[in-house]
Amino acid sequence: MASVRLHDGSMIGFEAHGDGPVLLLPVDPVPLKGPKAEAMRAWGADPALGQSLINGLRDRFRVVAFDYEGHVMAHPKPETLTPANAARDLLAVADAAGADRFAFYGYSWLGLLGQQLALHTDRLSALVMGGYPPVGGPYAAMLAVTTAAHAASLAAVQHPPTPTETVPGDWSTVSVVTTVDQTRQFVTLYESLRDFDDRAAQPLLTCPRLCVVGSADTMEYGEQWGGVTVDIAGPVRRERAALEALGWDVAVLDGLDHMQAMQAAAVLPVLRPWLESRR
């Protein structure tokens, strides 16, 4: 595994698999094992998602995989995780991998970063934005959620919560176990996007682009998490014709929620042929 220095001086590792056009893929290439893997499965996540995506793409693409989410959790950037700095980080990985031109696929907040990356560079050959709407994104709702999580992490320092049983799928049973710096970095990210107009930004996007969401991707957060609804599917379904007119290809995965729509079995049948058509 090679490594590269990011904007805050920390180092991130990356792996390259296969040959062909480069695809930057911010996923953990190493499957998780043990209790963490079991907890992920209980919530509907795949502890080997990165490996599954790599194996489904490496025969046609040079897949550059790096666990950016895991990295920012291990090396928090409480004051500097801004869209511009995240774009710098992604470009640093591309540079280290020797990729002047590359496609990018990110899911959820990493999909959001993909759109920001496309606004900061002309090196993208294609952009796939999964699990986050390109227009009408829930920026205010996510700022509320991350602000609530940060407040909870601060409170937990003074008054550690009593361990309770977590019910998979029920956010009201979840206690904050992340640190103050870990939660603060996501407040910084969404505060930086407070005034971002994703509709006005669309003319600045020039590479081929695909949006992929599950049709049931709407998350209700209780009062402890800001009391907001994070609607991913709604803006895409309502704005589909407008998105297509703006140059987006759109795939809505029927009946799938946020976790389900990110699984390799769900996304690869859409992602792979679309990327092949843009080779």
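Fair warning: this is a prediction, and the values are worked out from it, not measured in the lab.

Caption draft 1: How the structure looks around the overall build of the protein chain. Of regular secondary structure, the protein chain possesses 11 helices and 10 strands. Compactness check: the protein chain gives a C-alpha radius of gyration of 18 Å against a globular reference of 19 Å for 279 residues, within 12% of the reference. Projected onto the principal axes, the alpha-carbon positions of the protein chain cover approximately 55 × 40 × 35 Å. Within the span of the protein chain, comprising 279 residues, buried residues form 51% of the whole. Within the protein chain, contacts between residues separated by at least 24 positions form 74% of all contacts whose residues are at least 6 apart in sequence. Each charge sign in the protein chain was given a centre, from 21 positive and 31 negative side chains, and these centres are 7 Å apart.

Caption draft 2: Looking closely at the environment of V27. By the secondary structure assignment, V27 is in the loop between strand 3 (22–25) and helix 1 (35–42). Along the sequence, V27 and V64 sit 37 residues apart, while their C-alpha atoms lie 9.3 Å from each other. Setting aside chain neighbours within four positions, we find V27 in contact with G50, L53, A65, F66 and D67.

Caption draft 3: Focus on helix 11 (residues 264–277). An ideal rise of 1.5 Å per residue puts 20 Å on 14 residues; helix 11 measures up with 19 Å between its terminal C-alpha atoms. Turning to helix 11, its buried residues number three or more, namely A264, A266, V267, L268, L271, W274 and L275.

Caption draft 4: Here's a closer look at the UniProt feature "domain: AB hydrolase-1" (unreviewed entry) in the protein chain. Look at the UniProt record and you will see "domain: AB hydrolase-1" (unreviewed entry) annotated at residues 53–129. With 49% helix and 21% strand, residues 53–129 has its two end C-alpha atoms placed 15 Å apart.

Caption draft 5: Representation of unusual backbone geometry within the structure. Backbone geometry places S108, a non-glycine residue, at a positive phi of 65°. Positionally, S108 belongs in the loop between strand 5 (102–107) and helix 5 (109–120).

Caption draft 6: Local environment of the side chain of K77. Take K77: it is sitting in the loop between helix 3 (68–74) and helix 4 (83–96). For K77, a relative accessible area of 2% puts it in the buried group. Discounting chain neighbours no more than four positions away, the residues touching K77 are H7, D8, S10, H71, V72, D89 and Q185.

Caption draft 7: Just the packing of aromatic side chains, in detail. By the definition in use, this model includes four aromatic pairs. Ring geometry for Y68 against W109: centres 6.1 Å apart, planes inclined by 35°, an arrangement best described as tilted. Here the residue Y68 occupies a position in helix 3, and W109 occupies one in helix 5, the gap between them amounting to 41 residues. We note that Y68, like W109, is buried. Every member of this aromatic cluster is reached through a ring pair, and the members are Y68, W109 and F186.

Caption draft 8: Fine view of the sheet that holds strand 10 (residues 248–253). Across the sheet, which stays open at both edges, the eight strands sit in the order 1-2-4-3-5-6-7-10 with mixed pairing between neighbours. Looking at strand neighbours, the two that pair on one side only are strand 1 (2–5) and strand 10, the edges of this open sheet. For this sheet the average axis-to-axis angle between neighbouring strands, irrespective of direction, equals 20°. Note that strand 3 and strand 4 (residues 62–65) share four bridges and pair parallel. Pairing of L23 across the sheet is with V63, part of strand 4. The strands that helix 5 touches are strand 5, strand 6 (124–130) and strand 10; relative to strand 6, the one it contacts most, it runs at about 150°.

Caption draft 9: Structural view of the pairing of strand 1. With four bridges joining them, strand 1 and strand 2 (residues 11–17) adopt antiparallel strand pairing. Paired with V4 across the bridge in strand 2 is I12. Between strand 1 and strand 2, which pair antiparallel and follow one another directly, the connecting turn spans five residues, one of which, G9, has a positive phi of 90°.

Caption draft 10: Expanded view of the environment of V64. Summarising the element assignment, V64 is placed in strand 4. Separated by 46 residues in sequence, V64 and G18 place their C-alpha atoms 9.0 Å apart. With residues near it in sequence (within four places) discarded, V64 still touches F14, E15, A16, V22, L23, L24, L25, V93 and A97.

Criteria and thresholds
Residues numbered from 1 in each chain as written. Predicted model: local features only at pLDDT ≥ 70, side-chain atom pairs only at ≥ 80, totals over all residues. Heavy atoms only, no water. Helix = DSSP H or I, 4+ residues; strand = E, 2+ residues; numbered from the N terminus. Rg over C-alpha atoms; globule rule 2.2 N^0.38 Å. Buried < 20%, exposed > 50% of the residue type's maximum accessible area, 1.4 Å probe, protein only. Contact = heavy atoms within 4.5 Å. Lys, Arg positive; Asp, Glu negative; His and termini not counted. Charge placed at Lys NZ, Arg CZ, Asp CG, Glu CD. Expected span 1.5 Å × (residues − 1). UniProt positions renumbered as here; feature names shortened; annotations may be inferred. Phe/Tyr/Trp six-rings, centres within 6.5 Å; stacked < 30°, edge-to-face > 60°. Pairing = 2+ DSSP bridges. Axes fitted to C-alpha atoms, helices over the stretch in contact; angles between N-to-C directions.

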